[in-house]
Every structure is written in C-alpha cells, then in structure tokens.
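Here's the letter readout for the chains.
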Amino acid sequence: MRPFNVEIYDSNFNYKDHTGINNEKFKYKYDYLDPEKNKVEIPTPTRVAVNDYLRILNGEKEIWGIVSKVEKGTEKEKKLIDVTYTDIMGCFDVDILADIDLLGIGSLEQYIMARIAEVFVSGDEYQRIPGLTLTAEGSTTGWTLDISADNDTDHYTKVNLLDDIILGAFRKYEVRLSFVWDIGAKAIRATISKNTASVKTIETEFPNIISKSVKYKTIKKEINKDLIYNKKDCSMRTTYYLHPDGSYDTVADNRISPVTPKLESVSTKTASEYEANYQKTLTSGISKITSAQKKLEKGESLDEETIADEEAAAVELNTVDGISITVDQDGLVAGWDKDAMTELVDEYVITEEYANRCVLMALTEFNQKAQDKAAKTFGSNKYENLIEIECLAHDALVTPEDLSVGQLTDVIDEGSTYRTILTGREVTNKSVKLIYGNVRIELTKQIKGRS
C-alpha cells in the first residue's frame, strides 16, 4: 500500500502545508450515526490550526476532516503534533426550530436540504460553512419524522438537526448525506439521496474475512401487530401488521408469529366535528366575500391578502351544488348574491352528500395519523443490529472501497441471513472493518445526552 500523506488547507481551501505520516500508526474511524473524532500524528513544524481542512490521501483513497484540536507531542516525541479532526457531519450537531406544519410536505430530500441551507448556507455569516453546496436527489414522499410540538397550538419545536432530522431520515428511509470535497472549485458538495446500489451479499465464513462480530439488539417484545383507534370515536380503528421483510401495512397476509400486539390511540376530528367546522368555513367564506364586495361598491381597492382570502373562500364554496363563482384580479365576484349563496349552503349541509364528505375527511385524517403512529412503532425495529466485518483493504470479494454509507447488505452468518445497512468503517494501512446496523453497543450517545 502506498504511504499516506497529509495536506492542510484553511477554511477557504487555500493550501497551507503538507507532510507524510507513519503508516503503521495510522487508523481512521468513520461512524455516520455518531461523527467520530480522529487523531493523526504529524511532524513539526507543519502549519496547522483549528478549523483548517485536513486531507489524508495515499493515491487510492482520501479522507477529509475539520481540525478541532492541535496539541504538541509528549516530551518523548517533541517532534510530533497530535491533530484531532472531525467529519463534516459533526458540524450539523446543532439545535434548530422546526416548523411542524412543513413536516411531510414535498420530498424528504428537499426538506433536509432546506433545513441545512438556512443555517449553514444562508444563515449567520459566522456559522456558514465556506464552499458548502447542497443537492437533493430522489423524491421520498409521504414521509414522517419523530418530531412533534409540545402542544396543539405550537407550530414550532426545538429539534437537533443531526439527530432528529438527518439521522431520523436515515434510520427510517435510508436517505443519507454524501460529500465530495472539490479543491479546485473550493467547494464541499453535499448530496442528499438514497444509496441506489444493489443489495450486497457477504458470507462471514469465507476465508477472506479476517474477523467478524454479529450482534442483535435484545428486544423483549418486538411489536408485529399495531391496533390503532381514535380516542374521540372508537369505531374508527385500523390494524397494521409487520411482515418478515420489515415492511408493514394493513394487509393481514404473510405475517410474523407468534403475534406480539400493541394497542395505541390517536386523536383526530370526528365526522360530526368536520360537519360543524366545515359549515363554519363555508359561512365564513360567504362573509369574507360579502365584505370585500361592499368595499368594491364603495370604490375602495382590495389588498392582496383580502383577494387571496376571497379566492380561498371561492374554492370551498364551489364544492356546493349550484355554486360556481370566480374572483378576478381585482377581487370582484360578478353577480354576487349573499342571500342566494347562504340558502344554497344551508340546503347542502343537510344532504347525505355533505355527511358522506365529512366522514371521508375524518377517515382521511385518522388514516394518516394511524399510519404515522405505525411508522413510529415499527420503524424502530429497522436494522436493529451491529455487524462488524474486517477484511483486507483490497479484498476482491468484499470490495470495501466500493461500498458507501447506506449500502444495503445481506450478511450470511452461521446459516442465517441478516439484512442490514452500512453505517461506518475503520481504516488502517492494511485492513478495513465495515460497520453495519443502527445499534451501537458503546454508551457514546448516552454520555453525550443524544440517546
């Protein structure tokens, strides 16, 4: 293997210095779930400072990090400097305010990109990461994250960008961040996407495997049947089933036995509540349009907000049989007749069609909340393992250099097959240890308060 060298750049990618390192002592650990601090010894008088960019390469692979600490060597090794560096993912370990109303809207990839950008691209000038560019690839829709407001009236809540959003998305949907450092363009290109590589198969009994460790999280009761009902109306209920491949839905086929059920509840509006609330929406729409039309009759002009309110009211009123109105650019509704509109609404809200519509709206809300609840219950079971496989750096069967975070892998060990996901690696000058699964046996996260 070719020797490793170290290059130092300032945070604007201006070259500062370079040096060689002791290959025998070199070791690097990368953990996507808990950004690691690594150390490298470099000889004095290499120019290096906190916040510099550090690049370790040997012509075959390269490792980037951000310098977080610089220490002189011991009395015995005065000619060495200990440099501590952290993966760029560690920068995202910050608390932010998340708008609850944005959860589940659009693609998950776009949502993550927006949250990172508002802090590290367009936010506080001193907190920005120079050269960071963001690209969202793929379109994960219908997504949820385990984030909620403290009460029903709050629209914002404090979350950790790394733990709650970035890693939450990875654990539930395999959406990950990958980075390319471009010295020439002075850019750090971050891509938010899924790893689309085909599933890899590794057999631990093969002679090319240097060492292995396969551990599963001990779960006393792994839930495989989730019964969910509405607190406000117990007749609204559904059941989700976990299947052997890790998927879950409301189809009671291809199930896991023995059954371990869980009874849960959600709170959503009932059909009667929708009937009352939607009738208020319709009558309120009539009032808004009537008020606007009176202003126009007096020769007053309408502001953009008032016209927007009229347009929204028109959309709702046009669902009523016999009503078909349009709002022009000035807010005028031709031939507006409040009394006629009120009579049509009063007739509509006592029809079977209206009752059925409210039942459908109530069921839609309940089903969405139930799906979110099942996703939270079953999602915690995903890739709950810790599998470590060590092989030579250039192993032709495992090909560790071709594998990146998010790689789905079937590990065959002692006749059993475990579906897992690549989440980290340890690199030395001779071997690579691949780290799979979402479980960490160490107490790192508990110590950091991030469990």
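Right above here is the structure, for reference.
Description of the structure in this document. Just so you know, these numbers come straight off a predicted model, no measurement behind them.

A look at the sheet that holds strand β11 (residues 175-182)
Strand pairing in a sheet relies on backbone hydrogen bonds, with the paired strands running either antiparallel or parallel. Judged by pairing direction, the sheet is mixed, and its 3 strands sit side by side in the order β9-β12-β11 without closing on themselves. Sheet topology places β9 (132-136) and β11 at the edges, where each strand pairs with a single neighbour. In this sheet, adjacent strand axes meet at a mean angle of 20° when their direction is disregarded. Relative to strand β12 (residues 187-194), β9 is paired through 5 bridges, and the arrangement is parallel. The residue of β12 that forms the bridge with Leu134 is Ala190. Relative to the sheet, helix α1 (residues 108-120) contacts β9, β11 and β12, its axis offset from that of β9 by approximately 165°. Against the sheet, helix α2 (residues 161-173) contacts β11 and β12, and its axis sits at roughly 120° relative to β11.

A few points about the packing of helix α3 (residues 271-297) against helix α5 (residues 338-348)
Relative orientation of the contacting elements α3 and α5 amounts to 175°, with a least axis distance of 10 Å. Overall, the two elements α3 and α5 adopt an arrangement that is roughly antiparallel. Contact residues: Leu282, Ile286 and Thr290 in α3; Lys338, Met341, Thr342, Val345 and Tyr348 in α5. Residue classes in the contact of α3 with α5 are distributed as 5 nonpolar, 2 polar and 1 charged.

Some details on the environment of Asp31
Tracing the sequence through the fold places Asp31 in strand β3 (residues 27-31). By relative accessible area, Asp31 is classed as buried at 5%. Once the C-alpha coordinates of Asp31 and Leu422 are considered, the two residues, 391 residues apart in sequence, prove to be 9.6 Å apart.

Some words on the environment of Leu97
Following the sequence through the fold, Leu97 ends up in strand β8 (residues 95-99). Of the residues examined, Leu97 reaches a relative accessible area of 58% and is grouped as exposed. On a C-alpha basis, the gap between Leu97 and Glu60 in space is 41 Å, while along the polypeptide they are 37 residues apart. Here Leu97 is in contact with Tyr156, Thr157 and Lys158, once residues within four sequence places are set aside.

Quick word on the pairing of strand β4 (residues 37-43)
Because side chains alternate across β4, one face comprises the buried residues Asn38, Val40 and Ile42, and the other comprises Lys37, Lys39, Glu41 and Pro43, none of which is buried. Relative to strand β7 (residues 80-86), β4 runs antiparallel, the two sharing 7 bridges. For Ile42, the partnering residue across the bridge sits in β7 and is Ile81.

Focus on the side chain of Asn230
Summarising the element assignment, Asn230 is placed in strand β15 (residues 225-230). At a separation of 2.9 Å, a polar atom in the side chain of Asn230 contacts the side chain of Thr268. Residues within four places of Asn230 in sequence aside, it is in contact with Met236, Val266, Ser267, Thr268, Lys269 and Phe366.

Focus: the sheet that holds strand β16 (residues 233-242)
Spatial ordering of the open sheet is given by β17-β16-β15-β18, a layout of 4 strands whose pairing is mixed. For this open sheet the edge positions go to β17 (248-249) and β18 (261-266), each flanked by a neighbour on one side alone.

Each value, and the rule that gives it
- Residues numbered from 1 in each chain as written.
- Predicted model: local features only at pLDDT ≥ 70, side-chain atom pairs only at ≥ 80, totals over all residues.
- Heavy atoms only, no water.
- Pairing = 2+ DSSP bridges.
- Helix = DSSP H or I, 4+ residues; strand = E, 2+ residues; numbered from the N terminus.
- Axes fitted to C-alpha atoms, helices over the stretch in contact; angles between N-to-C directions.
- Contact = heavy atoms within 4.5 Å.
- Parallel < 35°, antiparallel > 145°, perpendicular 65-115°, else oblique.
- Nonpolar A, V, L, I, M, F, W, Y, C, P; charged D, E, K, R; others polar.
- Buried < 20%, exposed > 50% of the residue type's maximum accessible area, 1.4 Å probe, protein only.
- Polar contact = N/O pair within 3.5 Å; in protein donor to acceptor, adjacent residues only side chain to side chain.

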